[in-house]
Amino acid sequence: MEVIILPSATEATLAGARIVARVVRESPHAVLGLATGETPERLYAELVRAHRQEGLDLSRVTTFNLDEHVGIDDAHPASYRRYMQEHLFRHVNLRPDRTHMPDGRAADLDAACAAYEDAIRAAGGIDLQLLGIGADGHIGFNEPTSSLASRTRVKTLTAATLEAIRARLPSGTEPPRHVITMGIGTILEAKRCVLLAFGERKAAAVAKMVEGPVTALVPASALQLHARTTVLVDEEAAGRLALADYYRDVQRNKPAWQRERDGS
Ligand code: GLP
């Protein structure tokens, strides 16, 4: 795992956006895996800026979001389709028929999950998967004890995750308990992963993900098995990393050809 510690969330966000923009410029038909939550909001804003001011062209890009709530429509404040519309989709030239979300309103949710896996496969797999991390170490909505081999399926949120979601919604709005999420096995098949984490609230989860044992209790630790994952953190989220000085040293001495290759 490559860990890049940056002085602020803004700098980490810009580094993440540069990686995404570069993948899209080099591969106009790129397949992007997208995440929601507070963490990637500014990254999407930066992509919108690059689209408007630098002509970043997303017209041939395909996207697959990690997860969606079950049983709500796009107008619901907890809807991730709504989030993506607000933060990215309606501001750029992505083709609506190429923006995929798990179908949380399907009559047959199992069939919808299988169809999502099929659609990812048919698109040629995910080139770059963006990720955040929950304070309990979840990725997507793969809560602790999720199978490390899991595929897209229905999950039940923990009380703590529900509370974190509720805190971002208008008061009195109750988020659904059930979600569809890409599995950990699905995420591990992405060719490249970029995970962002900011703030002290994420520090324990980041340390367990990077330096702890690979365990279903910390779903993000499965990324230790992924050959090309970059973790972009601010100083606060890096606060509990035992080898932080080593990661800084690696970045200071990163060969120019690697910087060029990685766009970081
Ligand atoms: C939700 C999302 C995750 C996200 C996590 C952290 O659970 N399903 O994809 O990483 O929240 O959210 P935030 O970035 O708001 O801290």
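All values reported here derive from a predicted model rather than from experimental measurement.

Caption draft 1: Expanded view of the overall build of the protein chain. Helix and strand content of the protein chain: nine helices and ten strands. Rg of the C-alpha trace for the protein chain: 17 Å, near the compact-globule value of 18 Å for 264 residues, within the 12% margin. Dimensions of the protein chain along its principal axes, counting C-alpha atoms only, are 55 × 40 × 35 Å. Looking at the protein chain as a whole, 55% of its 264 residues are labelled buried. A gap of 3 Å separates the mean positions of the 32 positive and 34 negative side-chain charges of the protein chain.

Caption draft 2: Spotlight on the site of the ligand. The environment of the ligand is made up of 13 residues, and the closest members are Glu-38, Thr-39, Asp-67, His-138 and Lys-202. The separation between an oxygen atom of the ligand and a polar side-chain atom of Thr-39 is 2.4 Å. The contact in question runs from an oxygen atom of the ligand to an N or O atom on the side chain of Lys-202, over 2.6 Å. Contact with the protein chains hides 93% of the accessible area of the ligand, taken as 390 Å² for the molecule alone. Within the shell around the ligand, the residues separate by chemical class into three nonpolar, six polar and four charged.

Caption draft 3: Local environment of the sheet that holds strand E4 (residues 67-69). Reading across from one edge, E4-E8-E7 is the order of the three strands in this open sheet, with antiparallel pairing throughout. Two strands lie at the open edges of the sheet, namely E4 and strand E7 (153-156), each paired on one side alone. Across this sheet, the average inter-strand angle for adjacent strands is 30°, counted without regard to direction. Where E4 lies against strand E8 (residues 178-181), three bridges are found, and the strand directions are antiparallel.

Caption draft 4: Local environment of the nonpolar core. Core analysis: the largest hydrophobic core is formed by 44 residues, its most contacted members being Leu-32, Tyr-44, Leu-88 and Leu-232. Elements supplying a minimum of two residues to this core: strand E1 (2-6), helix H1 (9-26), strand E2 (31-34), helix H2 (41-54), helix H3 (80-87), strand E6 (128-131), helix H5 (159-166) and strand E9 (192-197). Every residue in contact with Leu-232, bar those within four places of it in the chain, is listed here: Ile-4, Leu-6, Ala-12, Ala-15, Gly-16, Ile-19, Val-194, Leu-195, Leu-196, Ala-197 and Phe-198. One finds Ile-5, Phe-64, Val-233 and Leu-241 within the second-largest nonpolar core, a separate group that totals 32 residues.

Caption draft 5: Representation of the pairing of E1. Burial of E1 is extensive: five of the five residues sit out of reach of the surface. Burial of the side chains of E1 extends over both faces: Glu-2, Ile-4 and Leu-6 are buried on one face and Val-3 and Ile-5 on the other.

Caption draft 6: Examining the packing of H2 against H3 more closely. Between H2 and H3, the least distance of the axes is 9 Å, while the angle of their chain directions is 40°. Relative to H3, the element H2 is oriented oblique. Two secondary-structure elements touch here, H2 through Glu-41, Tyr-44 and Val-48 and H3 through Tyr-83, Met-84 and His-87. Across the contact of H2 with H3, the residue classes break down as four nonpolar, one polar and one charged.

Caption draft 7: Spatial organisation of the environment of Ala-30. Take Ala-30: it is sitting in the loop between H1 and E2. On the basis of relative accessible area, Ala-30 is assigned to the buried category, the value being 0%. Among all residues touching Ala-30, those that are not within four sequence positions of it are Val-23, Val-61, Thr-62 and Asp-127.

Caption draft 8: Geometry of the pattern of salt bridges. On inspection of all chains with the given rule, the structure shows 25 salt bridges. The partner of Arg-166 in a salt bridge is Glu-174, with the nearest N and O atoms 2.8 Å apart. According to the relative accessible area criterion, Arg-166 is partly exposed, its value standing at 27%. When the shortest N-O distance is used, the salt bridge between Lys-254 and Asp-262 registers 2.8 Å. As far as burial versus exposure is concerned, Lys-254 and Asp-262 are alike and both buried. The structure contains a network of salt bridges with shared partners spanning Glu-2, Arg-228, Lys-254, Arg-261 and Asp-262.

Caption draft 9: Structural detail: H5. The set of residues buried in H5 consists of Thr-161, Leu-162 and Ile-165. Along the axis of H5, the buried positions cluster into a sector of 100°, meaning they face one direction only. Counted as exposed and oriented over 90 degrees from the buried face of H5: Ala-159 and Ala-160. Those residues of H5 that are buried are in contact with E4 and H3.

Each value, and the rule that gives it
- Residues numbered from 1 in each chain as written.
- Predicted model: local features only at pLDDT ≥ 70, side-chain atom pairs only at ≥ 80, totals over all residues.
- Heavy atoms only, no water.
- Helix = DSSP H or I, 4+ residues; strand = E, 2+ residues; numbered from the N terminus.
- Rg over C-alpha atoms; globule rule 2.2 N^0.38 Å.
- Buried < 20%, exposed > 50% of the residue type's maximum accessible area, 1.4 Å probe, protein only.
- Lys, Arg positive; Asp, Glu negative; His and termini not counted.
- Charge placed at Lys NZ, Arg CZ, Asp CG, Glu CD.
- Near = heavy atom within 4 Å.
- Polar contact = N/O pair within 3.5 Å; in protein donor to acceptor, adjacent residues only side chain to side chain.
- Areas by Shrake-Rupley, 256 points an atom, 1.4 Å probe, with all protein chains shown as cover.
- Nonpolar A, V, L, I, M, F, W, Y, C, P; charged D, E, K, R; others polar.
- Pairing = 2+ DSSP bridges.
- Axes fitted to C-alpha atoms, helices over the stretch in contact; angles between N-to-C directions.
- Core = buried A, V, L, I, M, F, W, Y, C linked by side-chain atoms within 4.5 Å.
- Contact = heavy atoms within 4.5 Å.
- Parallel < 35°, antiparallel > 145°, perpendicular 65-115°, else oblique.
- Salt bridge = Lys/Arg side-chain N within 4 Å of Asp/Glu carboxyl O.
- Arc of directions from axis to C-beta.

Function-wise, these values are silent; they only describe arrangement.
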